[in-house]
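# Examination of the molecular architecture
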Amino acid sequence: MRTEMRTEMRIPKRTFDAVIVGGGGAGLRAALQLAEANLKVALISKVFPTRSHTVSAQGGITAALANVSDDNWHWHMYDTVKGSDYLGDQDAIEYLCRNAASAVYELEHMGLPFSRLEGGKNAGKIYQRPFGGQSQNYGGEQAIRTCAAADRTGHALLHTLYQRNIAARTQFFDEFFALDLIRDADGYVLGVTALEIETGQPWAFESRATLLATGGACRVFRHSTNAHINTGDGLGMALRAGLPLEDMEFWQFHPTGIPEVGSLISEGVRGEGGFLENKDGEKFMSRYAPNARDLASRDVVARAIAQELRAGRGCGPRGDYVHLKIEHLGAEKIKARLPGIRELSMQFAGADPITDPIPVTPTAHYMMGGIPSNMHGQVVAPIHTGPEEAVPGLYAVGECACVSVHGANRLGGNSLLDLVVFGRAAGMHMIDYLRENPIPRPLPQAEVEKSLGRLARWDKPKGTETVAGLRGDMQKVMQDHCGVYRTEALLKEGLAKLDQVEARLPDAALSDHSRMFNTARLEALELENLMPIARATLVSALARTESRGAHTREDHPQRDDDQWLRHTLYFSENDQLDYKPVKLKPLTVETFQPKERTY
Ligand SMILES: Cc1cc2nc3c(=O)[nH]c(=O)nc-3n(C[C@H](O)[C@H](O)[C@H](O)COP(=O)(O)OP(=O)(O)OC[C@H]3O[C@@H](n4cnc5c(N)ncnc54)[C@H](O)[C@@H]3O)c2cc1C
């Protein structure tokens, strides 16, 4: 009651037209659209923007430019629908693939230093490499479609977009940690609360439109290719604001991570001609995907490796990895096209790929699910269990969002594309929304207070649990119970173990309560976001009694379109699940009807 009566907020407030949470590719692309329209835009990022995970994207960005192989956007659309195991929404996939080429040319014109083709009639044009699941002519020959800046495409993309934002006068709030959405009783999102990391000062950022671009959450797993900052903060914020998460059972395990360390060895390595071998020197992929072999879709290759390991054909003393070989490409090509990969391999696996095979194993890599959104970036949710509607003032783009263009399995190179295509689309929609909603609504003080209360909880002087201990236990549960292969028993046991870990959370305390640059406090807040994501995943995965894309249920090995051609919606309240139909109708072309998926 006391907080309801306050007239003055007890924390400082900044007011903008729009607030973007996240300085990765998605946040930067959306912010650019708004800043170039002369709107007052704040971009909040918990790390300096060019340290966002987008920086580590290696392989490239997919678009049917036809610089190397015959190509068109409709073939790319077919591959994306098939890659998604038919769970992707075909209207959004058409939008993605149709706009891919113009998005890549736009980046080129902004100054992104793409690698260039040498020789041939297209010499000097953007370099493209083969990537998994990409075909010509609806499942025919391999397409060469993924545009690359050596093996540092994300680095080039992020720096290009950052510089453009500086020029467009986006206001950056670097090292600010967003805490909660501020949502009023009518459901409008009116900004966020955030912690200034350097000083420990909480702020209210008021805005008529707010966009979440907080990236992925693979840190729920123990072994992951993701940065330590990928803790799904935007998803936690959405759940706490009463919004659902979509398709959380679908996590991509990348076939080629370095064992234990998790560092990614890009699919581009197989695109350039690399192949997998088991301990007997067998190129085993031809047994699992006779046509596409090493360039089959990621879920297929990850399962193949897992099978080889189970059958005792893994390499090394523990038989827990397979070999990725590229010696045959020659030193010159490896140094020119895969310099970063060589560096990673030497540093983290102690293997120079010019002479040695790289040890690799499936590793959590990408979240297909996320905050439900449409192709304008608007967050959508069922209102009072009725049909879904846009949440006024709230947008989500990038890995934290589920549009859904990746469905049950994302194709390599389609995420960077997703960031820029839907970042731009969201920016455009926000401009219209801001014009139609010129008057700010009053900030609900009680909501701000609730968020501050959550923050203050970590001032508790003593506790029996540590954040690191709980996080480690949660990650172990997810790794052991929700990996490449799942069963009802395994998931149920996982959920019971997660209950126990969660129950210990109130007993956790920090040993350092200082205000300035207290990273322990941030890790605690991140854990509060990760924990419900783990729960959403286990609950959604337990309910889906079929195998589709990256979700493999050994007790339900078939895909079941009659019952499960639908999206899952998970709500925190009572672990409630709801479902919504897949949008099978594209914008202008014919539906790609679900059929058996083979490579
Ligand atoms: C190693 C690796 C290689 C990859 N390679 C490719 C590839 O070659 N091609 C491809 O298409 N995809 C690739 N992917 C996937 C792709 O890079 C990511 O999905 C994508 O970059 C995510 O971009 P994003 O903008 O959504 O989020 P990110 O780039 O992860 O940025 C998230 C932003 O949110 C901010 N943030 C998060 N929480 C908070 C908070 N609480 N408060 C304030 N700010 C916050 C962070 O500071 C950061 O700025 C790769 C992924 C990995 C991990």
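Summary of the structure given here. It should be emphasised that the depicted structure is a prediction, and the values quoted were computed from it without experimental measurement. (Residues numbered from 1 in each chain as written. Predicted model: local features only at pLDDT ≥ 70, side-chain atom pairs only at ≥ 80, totals over all residues. Heavy atoms only, no water.)

### Observations regarding helix α6 (residues 233-240)
Stated precisely, the cut-off is as follows: For the exposure calls, accessible area comes from a 1.4 Å probe over protein chains only, and a residue counts as buried if that area is under 20% of its type's maximum, exposed if over 50%, partly exposed in between. Segments assigned H or I by DSSP are reported as helices when at least four residues long, segments assigned E as strands when at least two residues long, and all are numbered from the N terminus.
Taking burial as the measure, the 8 residues of α6 include 7 buried ones, the bulk of the element. Inspection of α6 places Asp233, Gly234, Leu235, Gly236, Met237, Ala238 and Leu239 among the buried residues, and these make up the whole buried set. Looking one or two places after α6, you find Gly242, whose phi comes out positive at around 85 degrees.

### A short note on the pattern of salt bridges
To keep it simple, the criterion reads: Definition used for salt bridges: Asp or Glu carboxyl oxygen within 4 Å of a side-chain nitrogen of Lys or Arg.
Under the criterion given, the structure shown has 50 salt bridges. Notably, a salt bridge pairs Arg548 with Asp561, separated by 2.8 Å at the nearest N-O pair. Here Asp561 lies in helix α17 (residues 561-564) and Arg548 lies in the loop between α16 (519-543) and β20 (552-553), a separation of 13 residues in the sequence. Looking at Arg548, the relative accessible area reads 1%, which means it is buried.

### Re the sheet that holds strand β21 (residues 566-571)
Put simply, the rule is: Strands were regarded as paired on the criterion that DSSP finds at least two bridges between them. The contact criterion used is simple: two residues touch if any of their non-hydrogen atoms lie within 4.5 Å. Axes here refer to lines fitted to C-alpha atoms; in helices the fit is confined to the stretch in contact. Angles between the N-to-C directions go from 0 to 180 degrees.
In space, the 3 strands of this open sheet follow the order β10-β21-β22, with antiparallel pairing throughout. Lying at the two open borders of the sheet, with one neighbouring strand each, are β10 (245-246) and β22 (576-581). Sheet topology note: the β21/β22 ladder contains 6 bridges and is antiparallel. Residue Leu569 lies in a different strand from β22, and its bridge partner there is Asp578. Across the sheet, α16 lies against β10, β21 and β22, angled at about 140 degrees from β21, the strand it touches most.

### Here we look at the site of the ligand
What counts is decided by this rule: Definition of nearness: a residue and a molecule or strand are near each other if at least one heavy atom of the residue lies within 4 Å of the molecule or strand. Whenever two N or O atoms come within 3.5 Å, that pair is a polar contact, provided that in protein one can donate a hydrogen and the other can accept it, and provided that, for residues adjacent in sequence, both atoms are side-chain atoms. Per-residue and other accessible areas were derived by the Shrake-Rupley procedure at a 1.4 Å probe size, with only the shown protein chains allowed to occlude residues.
Within the structure, the ligand sits among 39 residues, and Ser52, His53, Thr54, Ala178 and Glu399 are positioned closest to it. Contact between the ligand and Ala26: an oxygen atom at 3.0 Å from a main-chain N or O atom of the residue. In the model, an oxygen atom of the ligand is placed 3.3 Å from a nitrogen or oxygen of the Val47 main chain. Relative to its free-state accessible area of 1000 Å², the ligand is covered by the protein chains to the extent of 98%. Elements with a contribution of two residues or more to the shell around the ligand: α1 (25-36), β2 (41-45), β7 (176-183), β14 (358-367) and α12 (414-436).

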